[in-house]
Amino acid sequence: TPEAGRVVFENVTFGFPGAEKPVIKNVSFAAEPGKTTAIIGSTGAGKTVLLNLALRLYDPQQGSITVDGAPVSELTRDQLADTLSLVPQRPYMFSGTIGSNLRFGRTAATDEELWEALRVAQGEDFVRERELGLDEPVSQGGTSVSGGQRQRLSIARALVSKPKVYLFDDSFSALDVATDARLRAALPSATQGATTIIVAQRVSTITDADQILVIEGGEIVGRGTHDELLGSNEVYQEIVRS
Ligand code: DUT
Ligand code: MG
């Protein structure tokens, strides 16, 4: 259906229990299937909380969040996990192998699918360099892989799960600019038809996004394409200059 993977926030307000002020204030947007929605804003603006709300780590005090037209509050944990894949800001590794970390519950995924995901995530080369390849042991916490490698493995893990909705929380910041560019060039065909939401630090990561949301203090203070925001939004202009 054309609704598949559509994520809609409607007047969402959320504050942590006991806190005086909400950290997300009256946020409304729609992230469409086949399109990329980018979220940019300074540290503490509420970007991670926004993604976590979609995954129902918390429930908003006001407003609604729907996926495929269904309120996330009515989806089971398994349904949510099948529909949305988060690449977290601090990716984690389990003790096991590179392969088991990429499969993470998707036991049916073939080695070929893992290599394809690694190719897109720009992780193929460093896994091929390992003596045991996909069978190379990984310790919990991932101390045997670098931060940037862990980030790419985490992106590959999301690709293996083939969700309707990808949530990338600052997933490209540990990559050098050239790797970031190669990865984003490879992503569209790999995630074709899915809804993609990207939280980014670098403007260069999101200039191609169909829609950019500028968030400040938990509120959306600008929305549009890169060119539209560049011409009209002071907060965005400030981010571009910094
Ligand atoms: N916050 C809490 N408790 C939490 C997580 C966050 O009080 O468990 C606050 C901190 C901040 C606001 O919520 O004032 C938004 O945090 P978030 O992590 O969403 O900020 P961000 O936009 O993701 O910042 P960064 O770019 O540093 O990741
Ligand atoms: Mg964050």
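Above this text you will find the structure in question.
Since the model is a prediction, treat every value here as computed from it, not as a measurement.

(A) Representation of the overall build of the chain in the model. What the chain contains, in helices and strands, is nine helices and twelve strands. The C-alpha atoms of the chain give 18 Å as radius of gyration, which agrees with the globular expectation for 242 residues (18 Å, within 12%). With the C-alpha coordinates of the chain rotated into their principal frame, the extents come out at 50 × 40 × 40 Å. Contacts spanning at least 24 positions in sequence make up 68% of the contacts within the chain whose residues lie at least 6 apart.

(B) Fine view of the coordination of the magnesium ion (ligand 2). At 2.0 to 2.3 Å from the magnesium ion (ligand 2) lie its protein donor atoms, namely Thr48 (OG1) and Gln89 (OE1). Pair noted here: Thr48 is in helix α1 (residues 47-54) and Gln89 is in the loop between β6 (84-87) and β7 (96-97), with a separation of 41 residues, a long-range link. Take Gln89: its relative accessible area is 30%, and that puts it in the partly exposed class.

(C) Here's a closer look at the pattern of salt bridges. Summed over the entire model, instances satisfying the criterion amount to ten salt bridges. Across the pair Arg6 and Glu32 runs a salt bridge whose closest N-O atoms are separated by 2.8 Å. Of the two residues, Arg6 sits in the segment before β1 (7-14) while Glu32 sits in the loop between β2 (24-31) and β3 (36-40), which places them 26 residues apart along the sequence. You can call Arg6 partly exposed: its relative accessible area is 24%. In this structure, Glu124 and Arg128 form a salt bridge, with 2.9 Å as the shortest nitrogen-oxygen distance. Note that Glu124 and Arg128 are positioned in helix α5 (residues 124-129) at a spacing of four residues, about one turn of the helix. In this structure, a network of salt bridges that share partners links the residues Asp180, Arg184 and Arg202.

Here is what the cut-offs are and how they apply
Residues numbered from 1 in each chain as written. Chains lettered and ligands numbered in written order. Predicted model: local features only at pLDDT ≥ 70, side-chain atom pairs only at ≥ 80, totals over all residues. Heavy atoms only, no water. Helix = DSSP H or I, 4+ residues; strand = E, 2+ residues; numbered from the N terminus. Rg over C-alpha atoms; globule rule 2.2 N^0.38 Å. Contact = heavy atoms within 4.5 Å. Donors = N, O, S within 2.8 Å, 3.2 Å for Na, K, Ca; no water. Buried < 20%, exposed > 50% of the residue type's maximum accessible area, 1.4 Å probe, protein only. Salt bridge = Lys/Arg side-chain N within 4 Å of Asp/Glu carboxyl O.

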